[in-house]
Amino acid sequence: MSADDDKPISRLARLLGVLVAARTAARAAANRGHSVPRDAGGTEHPGSGIDPSKRVVPSDRRAEGLVALLLVFAAVFAFAFTVIYVVLSGDTQLLGVAVGGALLSLAAACIVAGKFVVPQETAIEDRGRLLDEEQTGEAVEMIEAGGEGISRRAMLVGAGGVAGAALLTAAATPLASLGPTLKSLHETPWARGVRLVDDQGRPYLADEIQIGSFYTALPENKDPESFGAGLLVVRLPAEFIHLPAPRRDWAPYGILAYSKICPHAGCAISLYRYPTYAPTSEQPAFTCPCHYSTFLPGEGGRLVFGPAGRALPQLPLMIDSGGYLRAAAGFHEDIGPSWWGVHRAQS
Amino acid sequence: MRRVFLRWLTHRSRIPPALRLSLAVVLATMAIVGIAAEPSRGQSDGSSAGAPPTAGGPLPEPDSPTKTPEPQGPGNPTKSFPDSPALRAQGFTLYQSSCSSCHGIALQGTPGTAPSLRGVGAGPVDFYLSTGRMPLEQPREEPLRGSPAFTRPQIDALIAYIGSFGGPAAPTANPADGNLALGFRAFTLNCAGCHQIAARGGITVNAQIPDLQEATAQQIAEAVRMGPYLMPHFDSNLIDQHELDSIARYVLWTRHPYNAGGWGIYNIGPIPEGMVAWFIGLAALVIVARLIGERMDEPV
Amino acid sequence: MNLVERYVHRRFERASRSAEQRVGLAAGIKWAMRYVFPDHWSFLLGEIALYSFMVLVGTGIFLTLYYIPSDSQVVYHGSYPLLQGTQMSEAYRSVLNLSLNVPAGLLFRQVHHWAADVFIASIVLHLIRVFFTGAYRKPRDLNYFIGLTMLMLAILEGFAGYSLVDDLLSGMGLAIAYSVAMSIPLIGGQLATLIWGGPFPGNSTFWPRLEIVHVLLIPAALAGLITIHLAMIMRQHHSQFPGPGRRERNVVGTPMWPAYALRSIGLMLAVAGLLFLLGGLIQINPIWQWGPYHPYLSENGAQPDWYIGWLIGALRLMPNWELVIAGRTVIPNPFWGGAAFPLFVFVVMFAWPAIERRFTRDARRHDLLDRPRDRPVRTAVGAAFLSWVVVVFAVGSTDRIFYRLGVSYTEQIHVWRVGIWVIPIVVFFATRSACRSLQRSGAHPLRAWQGNVVRRRADGAIEVLDDSPDRVEPPMTEPPVGTVPGQDPR
C-alpha cells in the first residue's frame, strides 16, 4: 500500500475496528444476559419418537435494549450518509462506511430480535404428498376427454405437428437478418501500397527501424480499430532470419511485419524479447500476454510455445521511393482466431 | 510455554491416517518439484538460442552483444557522470576483481558467457550496477533487481573506467518536464505489454519482468534506451525526449496510483479481487449465516 | 405503554380488515406465517445469493441511468489528468464520468461489481452444499437443474456486465470470447459475426445489444427462474438433516413468523451492508487505471473476473492442437478450453442425479439429507471433480506464481498438464478414506476430539469416565423409521 493510502485508510480502518468491537461486545453481553431454557432434547437417535416442538418466549430486557441501541446506530449512520453526501460531496469510502454501517446495524438488530427477543419456536409441519395418483389420473382423463368424439385424430395431430414445426422455423428465421456475411472475416485494411504509420499517423521510414526495437504500425487513412489493422514491425540481423523460400523478399533490409492479433484468441501481441547477449538467453520472439503463445519473427512467425493453432500471419513489406515502409501485398492468410472457414497459410 | 509446545508436539492427530499419508505425499511432491524446478534461466522453450552464426571465419573479438544501447537523439539531454584519472584507476581495480572473470580483462567479453563492454557507454553500467543486477552469479541467470553490490562512488568509478572505452553518453529523463497523459499513452502502447499497465511487472516465456516501483527516472531513461537483458530498446525516433520524460513521470506516478475506490489491493486486477470476494466477502457472510442458523449436533 | 399498544393494535386490525375486504388473502397469509423452515446454517447460502441478486438489481438500476452504450470515439477532456486528450469510446467515458465525477457513483459501481463476485461465489458454495448433502435427488432434481441454469446465466451476466465498460482489460476478454465463439465447429463464424455484427470489434449495434442483454434479458430470465426455484422449494418444503423427531415426511424447524422472517431480513440487510462496506472501502475494477480498449493494445497479466478464471486456466493449459481436415479448421484451439471444458463440466453436473440413480438403484423420494461422510463415494467423486476444476482455475494464475516465486512458467504448464489428472485421483482416495474414518469415529471433523475424560478422585486415583462430553453418537445407517426400502413412503 502506498503512503497516500495510509491516511484515509487508517482512519477508516480504525472506525471499522471500533464498530466491529462495539457490536461484538454488545452481542456477547446479550448472550450472557439471556437464558433460553432448552428442552431435555439431548442426543437421541433419530426416529426414537421424541417430539422436538417447543415454544419459548424469551422476555429478555437486555436483548430488547440492544435491539433498540442497534436501531439508533442505524439511524446515526443513515443520517451520516446524508451529511457526507451533501457536505463532503460524497467521499466514496465514507459513504460506503455510512451505508454499510446503517445496513449492518439494522441487520444486527433484526438478527438479535429474531433470536433473542421474539418467541423462539420449533414446529413440525407435514410435507404433504406430491404425487396424488387419483388427482393425476383424473387430470389426464379430463385432458383426453377434450378430444372426445374426434374421429380423424391421427390426421389432426400430424397436421398440428407440421404447423408447429413450420411456425417455430419461421419464428427463428429473422435471426438470419441479424448477421452480416462471412466474407468480411477474410478482409483486412492491408493491400499493396498501403503505407505503415504509427498511432499518431506518422509514417515509418525504413531507416528508422532499429534492430532490437519493436514498433506498432497501423494502415494509413484506414480504420485503426479494425481487427486486421495492427501490425508488429521489427528488424532482425541476418543471422536470425530463416524465412521459407517464398517469403525471402518479404523482409527488405531484415524488416519484418506481422499481424499484431494473436491467431489463438485475438489478443494484441505486445511482448517482445530481444536478447542483449544471445548465447546466454533467448532468441528474439513475440509473446502474447493472454495465454503466452510465443512466435519467432525470424522464422515466419512459427509457434514455439503456447496454445495457438497456427503461426503468426506475416505481411510482405516493401520500401517505396521516399524510403517509407509500405505493404507489398495483403496478408496471404487470415489474421485473428481460427474458425471453420479460416484461410490458413499455404507454406 | 515449554509445556504448551511439548503438548502441541505430542498431541495425537485428529486427521485419519490415510488422509495424513495422502497429504504427506502431496506436500513432498510439491517440495521436490519446487526445489527441482529452478527457473530455467537462459534455457529455451523448445528451440535453442544458439550463438549467432557468423558468415564463415572465426568469432570477431571482442564478443559483441546482440544489441547495443541507442544513443540519445541530437540535442537531447544526457547525464554526465564524474570522471578523473583517479576514478578510472579505482574503477580499473574494482573491475578486475568483480567483473573481469566474465567480461574479460580487456572488456572483450567471454564467448558463450558474457558480452564485450567496449563501447557500451555510461548508461548500461549505471543501470546494471545501481539496480544491483550486476555482478551476476551465473551467466545464464536472469539479472534481477537487488541491493547494489557497490556504493555510489564505486559505481561512478566503474562508469569512469568502462566509459573510457567509448560509447554513447548516458540518457536522462526529467519527469517534471513530462506530461502524465502522454506518458500513460506511450507506456500503454510500448511498455504495458510486458510491465503491466500499472507497472506492477509480469512474466514472459522464460523471464520475469520487473515491476517498476523502485525505478528512478535515471534508471528508466537508461533502460528505455539500452534495453537490459531481454527488453527491447527504443530510440529517439520512436520515443522522443518529451515522451521519455512523460513515461518516467507516469512510472513514478504508479507508485501512488489514484485509488479512488479505497484499498487498491496491489493494482493488479481481478486475482486479488476474487480473493477478497471469497475470503473476505463470502467468508463474512458465512459467519453471519452460522450466527443465524443452527448447527447439526446442537441440542434441539 | 398500554395506551400506545392498544392504539397500535386497533389501527393494525382496522388496516388488515380493510385490506382483506379487497384482497382476501388472510388464509394464505396464515399458511405463510406457519410455514416451517429447517434451521441449519448451510440452508442460508442460497439466500445469500438471492439477496446479492437484489443488491445487483438495485445498484444496477442506478448504473443504467448513466451508462451510454456507444462505441463512437471521443476525446476525453474531463477532470482526470491521466486520460486528458486520450481517445476512447463513449461507453468508457460514461463509466469514467460515473466513477470520478458523480457523487456516490463510484460507490454504486463498486457495490455492483462486488455483489456480482459474491453472488456467483455464493451460488457455487450453495451448489457445493446441495451436492454433498444429496439435496438434488427426487423431487428436487428439477430445481437443481434450474439452479445450474441460473449459475450459467449468472456467469454470462457477470461477463457481459464488466465488458460493457470497454476498458483495456474487459476489451481483451471480449476478444477472447469472440475467439471462443468463432471456434465452435461448423457454425462458429456465423455465430460470432451474428453476435458482434461483423468481425471483431463488431459494429456499433453490438453495445446497445450487449446492454439490453445485461440489463433486461438475462436479469428477467434470472428473476423468473428464481421465482420458480423458490416456488418449488415452498411446494416441496425444504430438505433437512436427520435428527430428533425429523422424518422423511415432516419438516422440523422455525415457523416463518416471527423468528425466521426477522432472521432472513437480517441476513438480507447483512448482505447489503457488507457489500456496501466492500464497495466503499476496497477498490474493484479501477478502469481509470486501465485505460480504454483498442484492438491493437494489450497488457501483461490481464485476467478475467474470478468466475471466468477456470476458462483462462484451461485455455493456457491446452497444447496447441487444432484439428484441420482438408483445409477446414474443424476444431480451432480455443474450443477445447473455452467451450468444450465448461460444457463438459455442466453436462456432468446436469447428468449427476441420473448417474447416481443408476449406480445406487435408488429412485425414491428423499427429503432427509445425507451427511457427506455417509456417502463416501459420492463425496469422493464430488471432491475429485471439484479439485479438477479448482486446479485448472489455479493454473490461470501461474504467471503470477512465476513472478512471485520464480518457478518458470513453461515448466509449470508442463507439470500442471499432468497434475490436473493426478490430483483428482489423489483427492478421490483421500476423501473416500476420510469419510469412512469419520463414519467410524463419529467425530465432528473439526471440533470433536478423540480422547477420554479422566477425573482424579479424592483418594488420588485416576478414574476414566465412559463418555467424553463432545462425543456424538454414531449415526444410524438404516433408513429412517416409517420408510420401507424400495418403496416411496407415501
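Conventions and cut-offs
- Residues numbered from 1 in each chain as written.
- Chains lettered and ligands numbered in written order.
- Predicted model: local features only at pLDDT ≥ 70, side-chain atom pairs only at ≥ 80, totals over all residues.
- Heavy atoms only, no water.
- Helix = DSSP H or I, 4+ residues; strand = E, 2+ residues; numbered from the N terminus.
- Buried < 20%, exposed > 50% of the residue type's maximum accessible area, 1.4 Å probe, protein only.
- Contact = heavy atoms within 4.5 Å.
- Areas by Shrake-Rupley, 256 points an atom, 1.4 Å probe, with all protein chains shown as cover.
- Patch = residues over 30% accessible without salt bridge, like charges linked within 9 Å, V, L, I, M, F, W, Y side chains within 5 Å.
- Salt bridge = Lys/Arg side-chain N within 4 Å of Asp/Glu carboxyl O.
- Lys, Arg positive; Asp, Glu negative; His and termini not counted.
- Charge placed at Lys NZ, Arg CZ, Asp CG, Glu CD.
- Buried area = accessible area lost by both parts, 1.4 Å probe.
- Polar contact = N/O pair within 3.5 Å; in protein donor to acceptor, adjacent residues only side chain to side chain.
- Phe/Tyr/Trp six-rings, centres within 6.5 Å; stacked < 30°, edge-to-face > 60°.
- Domains from an automatic or database assignment.
- Core = buried A, V, L, I, M, F, W, Y, C linked by side-chain atoms within 4.5 Å.
- Pairing = 2+ DSSP bridges.
- Axes fitted to C-alpha atoms, helices over the stretch in contact; angles between N-to-C directions.
- pLDDT = per-residue confidence, 0-100.
- Nonpolar A, V, L, I, M, F, W, Y, C, P; charged D, E, K, R; others polar.
- Parallel < 35°, antiparallel > 145°, perpendicular 65-115°, else oblique.
- Left-handed = near helix turned anticlockwise from the far one by under 90°.

1. Considering the overall build of chain A
Move 1: In terms of regular secondary structure, chain A is built from five helices and 13 strands.
Move 2: Counting every position in chain A, which comprises 347 residues, the buried fraction comes to 49%.
Move 3: Residue pairs in contact within chain A that sit at least 24 positions apart in sequence constitute 58% of those at least 6 positions apart.
Move 4: Here chain A has roughly 16200 Å² of accessible surface; of this, 60% comes from carbon and sulfur atoms.

2. Comments concerning a negative patch on the surface
Residues and elements named next belong to chain A.
Move 1: Taken together, the side chains of Glu134, Glu138, Glu141 and Glu144 make up a negatively charged region of the molecular surface.
Move 2: Within the secondary structure, Glu134 is located in helix H4 (residues 133-145).
Move 3: With relative accessibility at 59%, the residue Glu134 sits in the exposed group.

3. Overview of the interface of chain A and chain C
Move 1: Taken together, the contact pairs 83 residues of chain A with 99 residues of chain C.
Move 2: Regarding the contact of chain A and chain C, the summed buried area is about 7600 Å², with carbon and sulfur atoms giving 64% of it.
Move 3: By the criterion of area lost to chain C, the three top residues of chain A are Glu125, Arg127 and Trp340 of chain A, representing 14% of everything that side buries.
Move 4: Inspection of the region where chain A meets chain C yields three salt bridges.
Move 5: Taking the shortest distance from any N to any O, the salt bridge between Asp367 of chain C and Arg127 of chain A comes out at 3.5 Å.
Move 6: Linking chain A with chain C are 28 residue pairs in polar contact (both at pLDDT 80 or more), by the criterion used here.
Move 7: Counting residues per element, the ones that place at least two in the side of chain A that touches chain C are helix H1 (3-33), helix H3 (92-117), strand E2 (120-126), strand E4 (214-219) and strand E10 (302-305) of chain A.

4. What to know about the packing of aromatic side chains
Move 1: Considering all chains together, one arrives at 53 aromatic pairs over all chains under this definition.
Move 2: Here Tyr204 of chain A and Tyr215 of chain A contribute two aromatic rings whose centre-to-centre distance is 5.7 Å and whose plane-to-plane angle is 80 degrees, an arrangement assigned as edge-to-face. Remark: Tyr215 of chain A occurs in strand E4 and Tyr204 of chain A occurs in the loop between strand E3 (196-197) and E4; sequence separation between them is eleven residues. Across the pair, exposure class does not vary: Tyr204 of chain A and Tyr215 of chain A are buried alike.
Move 3: With 6.2 Å between their ring centres and 85 degrees between their planes, Phe240 of chain A and Tyr274 of chain A make a pair best called edge-to-face. You can see Phe240 of chain A sitting in the loop between strand E5 (231-235) and strand E6 (255-259) and its partner Tyr274 of chain A sitting in the loop between strand E7 (271-273) and strand E8 (285-287), a full 34 residues away along the chain.
Move 4: Three or more aromatic residues joined by ring pairs make a cluster, and in this case those are Phe214, Phe240, Tyr258, Tyr272, Tyr274 and Phe286 of chain A together with Phe234 of chain B.

5. Regarding the domain arrangement of chain A
Move 1: For chain A, the assigned domains read domain 1 (55-178) and domain 2 (184-327).
Move 2: Each of domain 1 of chain A and domain 2 of chain A was reduced to a C-alpha centroid, and the two centroids are 55 Å apart.

6. Comments concerning a nonpolar patch on the surface
Move 1: A contiguous nonpolar surface patch, about 600 Å² in accessible area, is contributed by Phe79, Val83, Tyr85, Val86, Val87 and Leu88 of chain A.
Move 2: On the secondary structure map, Tyr85 of chain A appears in helix H2 (residues 61-87).

7. Focus on the nonpolar core
Move 1: Ranked by internal contacts, the top residues of the largest apolar core, which has 228 residues, are Leu196, Val233 and Leu325 of chain A, Phe187 of chain B together with Leu96, Trp114 and Ile120 of chain C.
Move 2: Here the element with the most residues in this core is helix H5 (residues 105-132) of chain C; it accounts for 17 residues.

8. A short note on the sheet that holds strand E1 (residues 54-56) of chain A
By definition, the strands of a sheet pair up through backbone hydrogen bonds, in either a parallel or an antiparallel sense.
Move 1: Taken in spatial order, the four strands line up as E1(A)-E2(A)-E4(C)-E1(C) in an open sheet, and their pairing is antiparallel. Because the sheet does not close on itself, it has two edges, and the strands there are E1 of chain A together with strand E1 (36-37) of chain C.
Move 2: Relative to strand E4 (residues 250-255) of chain C, E2 of chain A is paired through four bridges, and the arrangement is antiparallel. In the sheet register, Ala123 of chain A faces E4 of chain C, and the bridge partner there is Gly253 of chain C.
Move 3: Contacts from helix H2 (residues 26-34) of chain C reach E2 of chain A together with E1 and E4 of chain C, with the element oriented near 110 degrees to E2 of chain A.

9. Concerning the confidence of the model for chain C
All names here are of chain C.
Move 1: Predicted confidence across chain C gives a mean pLDDT of 90, with 93% of residues reaching 70 or more.
Move 2: In this model, residues 476-490 is a region of pLDDT below 50 whose contacts with residues beyond four sequence positions or in other chains number 22 contacts.
Move 3: Interface confidence for the predicted complex, given as ipTM, is 0.88, next to a pTM of 0.86.

10. Some thoughts on the sheet that holds E6 of chain A
Residue and element names in this part refer to chain A.
Move 1: The strand order E3-E4-E5-E6-E11 describes an open sheet built from five strands, whose pairing is antiparallel. The two strands at the open ends of the sheet, each matched to only one other strand, are E3 and strand E11 (314-315).
Move 2: In this structure, E4 lies alongside E5, joined through four bridges in antiparallel fashion. Counted as the bridge partner of Ala217 is Leu231 from E5.

11. Thoughts on the environment of Leu96 of chain C
All names here are of chain C.
Move 1: Note that Leu96 resides in helix H4 (residues 90-101).
Move 2: Assessed through its relative accessible area of 0%, Leu96 is described here as buried.
Move 3: For the pair Leu96 and Asp367, spaced 271 residues apart in sequence, the C-alpha separation works out to 51 Å.

12. What to know about the pairing of E2 of chain A
All names here are of chain A.
Move 1: Extensive coverage of E2 is indicated by the burial of five of its seven residues.
Move 2: Taken together, the three bridges between E1 and E2 define a ladder with antiparallel strand orientation. For Arg55, the partnering residue across the bridge sits in E2 and is Glu121.

13. Remarks on the pattern of salt bridges
Move 1: Scanning the entire structure with this criterion turns up 29 salt bridges over all chains.
Move 2: The partner of Asp126 of chain B in a salt bridge is Arg152 of chain B, with the nearest N and O atoms 2.8 Å apart. A residue pair is termed long-range when its members are at least 10 positions apart, and Asp126 of chain B in helix H5 (residues 122-130) and Arg152 of chain B in helix H6 (residues 152-163) qualify at 26 residues.
Move 3: A relative accessible area of 3% means that Asp126 of chain B is categorised as buried.
Move 4: Each of Arg137, Glu356, Asp370, Arg375 and Arg378 of chain C takes part in salt bridges that share partners, so that together they form one network.

14. Regarding a positive patch on the surface
Move 1: Together, Arg6, Arg10, Arg11 and Arg14 of chain C make up a region of like positive charge exposed at the surface.
Move 2: Positionally, Arg6 of chain C belongs in helix H1 (residues 2-22).

15. Points about the side chain of Gln289 of chain C
Move 1: With respect to the helices and strands, the residue Gln289 of chain C is situated in helix H11 (residues 287-290).
Move 2: Under the relative-accessibility criterion, Gln289 of chain C is labelled buried at 2%.
Move 3: Filtering out sequence-adjacent residues up to four positions away, Gln289 of chain C remains in contact with Phe184, Ile197, Pro257, Tyr258, Asn259 and Asn267 of chain B together with Gln283 of chain C.

16. Thoughts on the interface of chain B and chain A
Move 1: Listed by partner, the interface residues are 61 residues for chain B and 50 residues for chain A.
Move 2: In this assembly, chain B packs against chain A so that about 4500 Å² is buried in total across both faces, 54% of it on carbon and sulfur atoms.
Move 3: Linking chain B with chain A are zero salt bridges, by the criterion used here.
Move 4: Mapped onto the side of chain B that touches chain A, the elements with two or more residues apiece are helix H7 (180-190), helix H8 (192-195), strand E3 (202-204) and helix H11 (270-292) of chain B.
Move 5: With three residues, H11 of chain B is the single largest residue contributor to the side of chain B that touches chain A.
Move 6: Residue composition of the side of chain B that touches chain A, by class: 29 nonpolar, 24 polar and eight charged.

17. Re the environment of Tyr272 of chain A
Move 1: As for its position among the elements, Tyr272 of chain A is in strand E7.
Move 2: Each C-alpha atom, one on Tyr272 of chain A and one on Val234 of chain A, is 9.4 Å from the other, the two residues being 38 residues apart in sequence.
Move 3: Apart from residues no more than four positions distant in its own chain, Tyr272 of chain A is found in contact with Ser213, Phe214, Val234, Leu236, Pro284, Ala285, Phe286 and Pro297 of chain A together with Cys194, Leu230 and Pro232 of chain B.

18. Structural notes on the pairing of E4 of chain A
Residue and element names in this part refer to chain A.
Move 1: Counting buried residues along E4, six of its six residues qualify, which places the element largely inside the surrounding structure.
Move 2: Because side chains alternate across E4, one face comprises the buried residues Phe214, Thr216 and Leu218, and the other comprises Tyr215, Ala217 and Pro219, equally buried.
Move 3: Taken together, the two bridges between E3 and E4 define a ladder with antiparallel strand orientation. Opposite Leu196, over in E4, you have Pro219 as the bridge partner.

19. Examining the packing of helix H3 (residues 45-64) of chain C against helix H9 (residues 206-236) of chain C
Residues and elements named next belong to chain C.
Move 1: The geometry of H3 relative to H9 is characterised by a closest axis approach of 12 Å and an angle of 155 degrees between their N-to-C directions. As the angle between them shows, H3 and H9 are arranged roughly antiparallel. Crossing hand, H3 versus H9: left-handed. Contacts between H3 and H9 pair Leu50, Phe53 and Thr64 from the former with Glu211, Val215, Pro219, Leu222, Ala223, Ile226 and Leu230 from the latter.

20. Quick look at unusual backbone geometry
Move 1: Backbone torsion omega between Phe200 of chain C and Pro201 of chain C reads 5 degrees, so that peptide bond is classified as cis.
Move 2: Its location among the elements puts Pro201 of chain C in the loop between helix H8 (188-196) and H9.
Move 3: Cis rather than trans, the peptide bond between Trp257 of chain C and Pro258 of chain C has omega equal to 0 degrees.
Move 4: Residue position: Pro258 of chain C is located in helix H10 (residues 256-281).
Move 5: One non-glycine residue with positive phi stands out, namely Gln196 of chain B, at about 75 degrees.

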